[in-house]
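Spelled out from the first residue to the last, the chains are:
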Protein chains: 2
Amino acid sequence: MERYAIIVAGGKGLRMGSELPKQFIDINGKPVLMRTLETFVAADASIKLILVLPKDHQPFWQSLCEKHHFNEPHTIASGGPTRFHSVRNGLNSVPPCVDEALVAVHDGVRPFVAPEVIDRCFAEAETYGAVVPVVEVVETLRQLDDRSAEIGLRQAASHTVNRSLYRLVQTPQTFRLSLLRKAYMQEYNELFTDDASVVETLGHDITLVEGNRENIKITTPFDLAVAKSLTSKPEA
Amino acid sequence: MERYAIIVAGGKGLRMGSELPKQFIDINGKPVLMRTLETFVAADASIKLILVLPKDHQPFWQSLCEKHHFNEPHTIASGGPTRFHSVRNGLNSVPPCVDEALVAVHDGVRPFVAPEVIDRCFAEAETYGAVVPVVEVVETLRQLDDRSAEIGLRQAASHTVNRSLYRLVQTPQTFRLSLLRKAYMQEYNELFTDDASVVETLGHDITLVEGNRENIKITTPFDLAVAKSLTSKPEA
């Protein structure tokens, strides 16, 4: 079955004086987002790449592609006001004549997803329809009382929960095209925190598969430091 | 009030052919555990350090101290069969004549705790009695059905939970000495997953304070790579 990957790199604008969005930051000679696209090509060169970028980031991305001689074919779609709208725009770039296909939706700032995780997500989505990669929670996990937001952390009641019953969700969240199209025809709802939640609202079960620990979402300076260490050459 | 820190570095033995425990691994010129002790000294040089090490690790630790000219004063206590027993042994190294003091219990493989987090834990423990540092969950969090352990990840039912109501627990977990002594007089129970859970069993509330994201527990090769990046000099 044909495989598509929608790489979502929405987020803040490129106004003067604002920080460079993480997806464009150079780590060891190459922008984060370029690394992400290359990881999908490395996993399976036949995957069709759809990159979702805010309109005002697109000329900058083109200049980065020229500078780095980046030639992997990819379609560009425009970002929307929320991640939901961005993914929907990306999904509309799959030609309407295509009925049967698999679609992975992936964060542009996750360049370290393992190629075997990408492959596992596509393979299982063909069977189950809706697949997300997850990893175990390695720290002790506490749940706060519902009122914690009002009363603040120090006063909040909390209790330890059984962390073996929880999983941290990564991307690529991968779906049968027909299911994802149906899900994204729904009206936007602020409870849609990820693609799985959009699909779940239709009543479709989500299948969990093993992700990889290195598949971090680069959002803070700490994550960037980690990313640099993951891309530097191993010591001699 | 006097401040003690029990640094727990129990875990596997040093049998021939087994991997070097993470606390002894060198990161950029210094063993992990030495960095952890130095972080406490940097936070407050008056903190009394108690290091808990399995008996058969102690000569190796001494040799590391000589090699690295490590001169910070610290008491050594012997590790027990579980973390609970190790902490209890460390606690028994606080002189019985000391009544009022604060005790931080910290993982030996967490060298990157921020000095201000150490200080915050001690300061709040003086007021509240029992304090643990926590950080927010940055990924989407799913909870598995209770039966997931039997039926496996792929077949498990799961649902997204509100991640803002959860926190990941770090160390140093910090307590008033009298409270911690009372807690560790209890019989061992396998539900004791951390020091907070031992104290909670007495019916004492746990106060949460902000930890720091970099305060990772070094347990996997990935964590070690991250640790190396956090200790290397910033780029010129």
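Owing to the predicted nature of the structure, the values given are computational and were not obtained by experimental measurement. (Residues numbered from 1 in each chain as written. Chains lettered and ligands numbered in written order. Predicted model: local features only at pLDDT ≥ 70, side-chain atom pairs only at ≥ 80, totals over all residues. Heavy atoms only, no water.)

Draft legend 1. Broad picture of the overall build of chain A. Along chain A, the regular secondary structure elements total eight helices and twelve strands. Taking 236 residues into account, the globule formula puts the C-alpha radius of gyration at 18 Å, and chain A, at 19 Å, falls close to it. Here chain A, with 236 residues, has 53% of them falling under the buried criterion. In the structure as shown, chain A presents an accessible area of about 10,900 Å², 50% of it carried by carbon and sulfur atoms. The average position of the 25 basic charges and that of the 30 acidic charges among the side chains of chain A differ by 5 Å. (Helix = DSSP H or I, 4+ residues; strand = E, 2+ residues; numbered from the N terminus. Rg over C-alpha atoms; globule rule 2.2 N^0.38 Å. Buried < 20%, exposed > 50% of the residue type's maximum accessible area, 1.4 Å probe, protein only. Areas by Shrake-Rupley, 256 points an atom, 1.4 Å probe, with all protein chains shown as cover. Lys, Arg positive; Asp, Glu negative; His and termini not counted. Charge placed at Lys NZ, Arg CZ, Asp CG, Glu CD.)

Draft legend 2. Highlighting the pattern of salt bridges. Across all of its chains, the model carries 20 salt bridges over all chains by this definition. Between A:Arg3 and A:Asp44 there is a salt bridge, with its nearest N and O atoms 3.2 Å apart. Placement of the pair is A:Arg3 in strand 1 (residues 2–8) and A:Asp44 in the loop between helix 1 (32–43) and strand 4 (48–53), with a sequence separation of 41 residues. In this structure, B:Glu38 and B:Lys30 form a salt bridge, with 2.9 Å as the shortest nitrogen-oxygen distance. Taken together, the salt bridges that share partners define one network made up of A:Arg83, A:Asp107, A:Arg110, A:Asp195 and B:Glu139. (Salt bridge = Lys/Arg side-chain N within 4 Å of Asp/Glu carboxyl O.)

Draft legend 3. Spatial organisation of the nonpolar core. In this structure, A:Leu141, A:Tyr166, B:Leu141 and B:Tyr166 are the most contacted members of the largest nonpolar core, which totals 78 residues. In contact with B:Leu141, not counting residues within four places along its chain, are A:Val137, A:Leu141, A:Tyr166, A:Arg167, A:Leu168, B:His159, B:Thr160, B:Val161, B:Arg163 and B:Tyr166. (Core = buried A, V, L, I, M, F, W, Y, C linked by side-chain atoms within 4.5 Å. Contact = heavy atoms within 4.5 Å.)

Draft legend 4. Geometry of the relation of the copies chain A and chain B. Aligned on chain B, chain A shows an RMSD of 0.0 Å; the corresponding rotation is 180° and the shift along the axis is 0.0 Å. The two molecules are tied by a two-fold rotation axis, judged by turn and shift. The share of interface residues of chain A whose copies in chain B are also at the interface is 100%, consistent with both copies meeting through the same surface. (Least-squares fit on C-alpha atoms with pLDDT ≥ 70 in both.)

Draft legend 5. Layout of the side chain of B:Gln58. Residues and elements named next belong to chain B. Residue position: Gln58 is located in helix 2 (residues 58–67). A residue is classified by how much of its surface remains accessible, and Gln58, at 17% relative accessible area, is buried. For Gln58, the contacting residues outside a window of four places in its chain are Leu53, Ile76, Ala77 and Ser78.

Draft legend 6. Summary view of helix 1 (residues 32–43) of chain B. Residue and element names in this part refer to chain B. An ideal rise of 1.5 Å per residue puts 16 Å on twelve residues; helix 1 measures up with 17 Å between its terminal C-alpha atoms. Of all twelve residues in helix 1, nine are buried; the element is thus mostly enclosed. Within the span of helix 1, buried status applies to Val32, Leu33, Met34, Arg35, Thr36, Leu37, Thr39, Phe40 and Val41. (Expected span 1.5 Å × (residues − 1).)

Draft legend 7. Geometry of the interface of chain A and chain B. Taken together, the contact pairs 49 residues of chain A with 49 residues of chain B. Carbon and sulfur atoms supply 56% of the area buried between chain A and chain B, which totals about 4,200 Å² over both sides. Together, A:Arg142, A:Arg154 and A:Phe222 form the three largest contributors to the area buried by chain A at its contact with chain B, with a combined 18%. Counting the contacts that link chain A with chain B gives six salt bridges. A:Arg142 is paired through a salt bridge with B:Glu200; the nearest N and O atoms lie 2.6 Å apart. (Buried area = accessible area lost by both parts, 1.4 Å probe.)

Draft legend 8. Fine view of the packing of aromatic side chains. Tallying each qualifying case throughout the model produces 13 aromatic pairs over all chains. What links up through ring pairs into an aromatic cluster is the set A:Phe84, A:Tyr184, A:Tyr188 and A:Phe192. (Phe/Tyr/Trp six-rings, centres within 6.5 Å; stacked < 30°, edge-to-face > 60°.)

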